[in-house]
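Spelled out from the first residue to the last, the chains are:
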Amino acid sequence: MTEHSLRLGVNIDHVATVRNARGGAYPDPLRAALAAQTAGADGITAHLREDRRHISDTDIDRLMESLTVPLNFEMAATDEMQAIALRHKPHAVCIVPEKREERTTEGGLEVAREENRLAHFIAPLREAGCRVSIFIAADKRQIDAAHRIGAEVIELHTGAYCDAFADGRIEEHQKEFESLREMSAYAHSLGLEVHAGHGLTYDTVAPIAAFPEVKELNIGHFLIGESIFLGLQPAIAEMRRLMDQARNG
Ligand code: PXP
């Protein structure tokens, strides 16, 4: 497989959301993950939430057995999730904040105020060989804290940038863009690997993909929605094309 300078991680959570709406076996997130792999995804992302509203424990077992690309396992910083991650030892673990009542992961993780706890939390994951990524806002305080606790990767939350674009709040969109740009460069200067994601679409991906410091984008909801119209593989191929175009000029 081609080694891309900007990796695309396809998040398959919402294939499971549709499956769970009827409680049966289809559509199967593993089948979607294998199709995404064939379409050029560099990795698969899945978030096992505390309430198991989309991905299930069995989905994670099956993904770990069958994928040939790396699994990025998203999870909250809880003992239960840590035990699951240590059992599977996925390539990457992305620590995200989680609130039961939220519809999606609304903000970045508060690392600065929980530095001690998080440093202890991620240590065994790193010892087990997982690449630990921390999902945070484009905020210098959080980046510094993520660096101090020993994370190798940060993922910058692009939700506010995407929401402002969707609502036509152009000044705010521009402001969010500038923060993402500055903070990607700042995190990179500390030696952190920089990823980004949340809410990205064909309309919002290019400016972020053009940041030279960003190594990986994780994209889910839009791609799964778009696959209703285009099919999953063409939907992913179009995202890949836009990313490559933005990156290579
Ligand atoms: N990155 C992280 C850390 C996330 O939590 C999510 C959503 O689960 C995504 C990326 C993907 O966001 P979206 O589904 O909006 O593309």
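Refer to the structure above for everything that follows.
Residues numbered from 1 in each chain as written. Predicted model: local features only at pLDDT ≥ 70, side-chain atom pairs only at ≥ 80, totals over all residues. Heavy atoms only, no water.

Caption draft 1: Representation of the state of the cysteines within the structure. For the structure shown, the criterion picks out 0 disulfides. The thiol of C130 is not disulfide-bonded; the next cysteine sulfur, from C94, is found 12 Å away. Overall, C130 belongs to the buried group, its relative accessible area being 2%. (Disulfide = S-S within 2.5 Å. Buried < 20%, exposed > 50% of the residue type's maximum accessible area, 1.4 Å probe, protein only.)

Caption draft 2: Quick look at the side chain of S133. On the secondary structure map, S133 appears in strand 5 (residues 131-136). Other than its neighbours up to four places away in sequence, S133 contacts V93, C94, I95, V153, I154 and E155. (Helix = DSSP H or I, 4+ residues; strand = E, 2+ residues; numbered from the N terminus. Contact = heavy atoms within 4.5 Å.)

Caption draft 3: Region of the structure containing the packing of helix 2 (residues 29-38) against helix 3 (residues 57-66). Packing of helix 2 against helix 3 brings their axes to within 10 Å, and their N-to-C directions diverge by 30°. Taken as axis vectors, helix 2 and helix 3 run roughly parallel relative to one another. Crossing geometry of helix 2 relative to helix 3 is assigned as right-handed. Along the contact surface, helix 2 presents P29, L30, A33 and L34, while helix 3 presents D59, R62, L63 and S66. (Axes fitted to C-alpha atoms, helices over the stretch in contact; angles between N-to-C directions. Parallel < 35°, antiparallel > 145°, perpendicular 65-115°, else oblique. Left-handed = near helix turned anticlockwise from the far one by under 90°.)

Caption draft 4: Quick peek at the sheet that holds strand 2 (residues 43-47). Judged by pairing direction, the barrel is parallel, and its 8 strands sit side by side in the order 1-2-3-4-5-6-7-8 before closing back on the first. On average, each strand axis in the sheet is tilted by 25° relative to the strand beside it, whichever way the strands run. Pairing analysis gives 4 bridges linking strand 1 (residues 7-11) to strand 8 (residues 214-219), with the strands arranged parallel. Opposite L8, over in strand 8, you have L217 as the bridge partner. Strands strand 5 and strand 6 (153-157) of the sheet are contacted by helix 6 (residues 140-148), whose axis makes an angle of about 165° with strand 5. (Pairing = 2+ DSSP bridges.)

Caption draft 5: Representation of the packing of aromatic side chains. For the structure shown, the criterion picks out 3 aromatic pairs. Both rings, one in Y161 and one in F177, keep their centres 6.4 Å apart while their planes meet at 35°; by these two values the pair is tilted. A residue pair is termed long-range when its members are at least 10 positions apart, and Y161 in helix 7 (residues 159-166) and F177 in helix 8 (residues 170-189) qualify at 16 residues. Both residues of the pair, Y161 and F177, count as buried. Look at Y202 and F222: their rings are 4.7 Å apart centre to centre, the planes differ by 80°, and that puts the pair in the edge-to-face class. Placement of Y202 in the loop between strand 7 (193-197) and helix 9 (205-209) and of F222 in helix 10 (residues 221-230) is noted, with a sequence separation of 20 residues between them. (Phe/Tyr/Trp six-rings, centres within 6.5 Å; stacked < 30°, edge-to-face > 60°.)

Caption draft 6: Highlighting the site of the ligand. In the neighbourhood of the ligand, 14 residues make up the surrounding shell, with E74, E155, G199, G220 and H221 lying closest. At a separation of 3.4 Å, an oxygen atom of the ligand approaches a polar side-chain atom of N11. One of the backbone N or O atoms of H221 is found 2.8 Å from an oxygen atom in the ligand. Protein chains shield 95% of the accessible area of the ligand, which is 400 Å² for the free molecule. (Near = heavy atom within 4 Å. Polar contact = N/O pair within 3.5 Å; in protein donor to acceptor, adjacent residues only side chain to side chain. Areas by Shrake-Rupley, 256 points an atom, 1.4 Å probe, with all protein chains shown as cover.)

Caption draft 7: Broad picture of the nonpolar core. If you look at the biggest cluster of nonpolar residues, it comprises 73 residues, and the most contacted ones within it are I44, I95, I134 and L217. By residue number, the principal contributor to this core is helix 11 (residues 232-248), which donates 6 residues. Contacts of L217, omitting those with residues within four sequence positions, involve L6, R7, L8, G9, A196, L200, V205, I208, A209 and M243. (Core = buried A, V, L, I, M, F, W, Y, C linked by side-chain atoms within 4.5 Å.)

Caption draft 8: How the structure looks around a nonpolar patch on the surface. Nonpolar side chains collect at one region of the surface, where I228, F229 and L230 lie side by side and expose about 380 Å² of accessible area between them. Positionally, I228 belongs in helix 10. (Patch = residues over 30% accessible without salt bridge, like charges linked within 9 Å, V, L, I, M, F, W, Y side chains within 5 Å. Salt bridge = Lys/Arg side-chain N within 4 Å of Asp/Glu carboxyl O.)

Caption draft 9: Seen up close, the environment of A146. Relative to the helices and strands, A146 is located in helix 6. Sequence separation between A146 and E115 is 31 residues; the distance between their C-alpha atoms is 8.0 Å. In contact with A146, not counting residues within four places along its chain, are V111, I134, I136, A151 and I154.

Caption draft 10: Main features of the packing of helix 4 (residues 79-88) against helix 5 (residues 115-127). Direction vectors running N to C along helix 4 and helix 5 enclose 10°, while the axes themselves pass 10 Å from each other. By the angle between their directions, the pair helix 4 and helix 5 is classed as roughly parallel. For the pair helix 4 and helix 5, the contacting residues are D79, Q82, A85 and L86 in the first and F121, P124 and L125 in the second.

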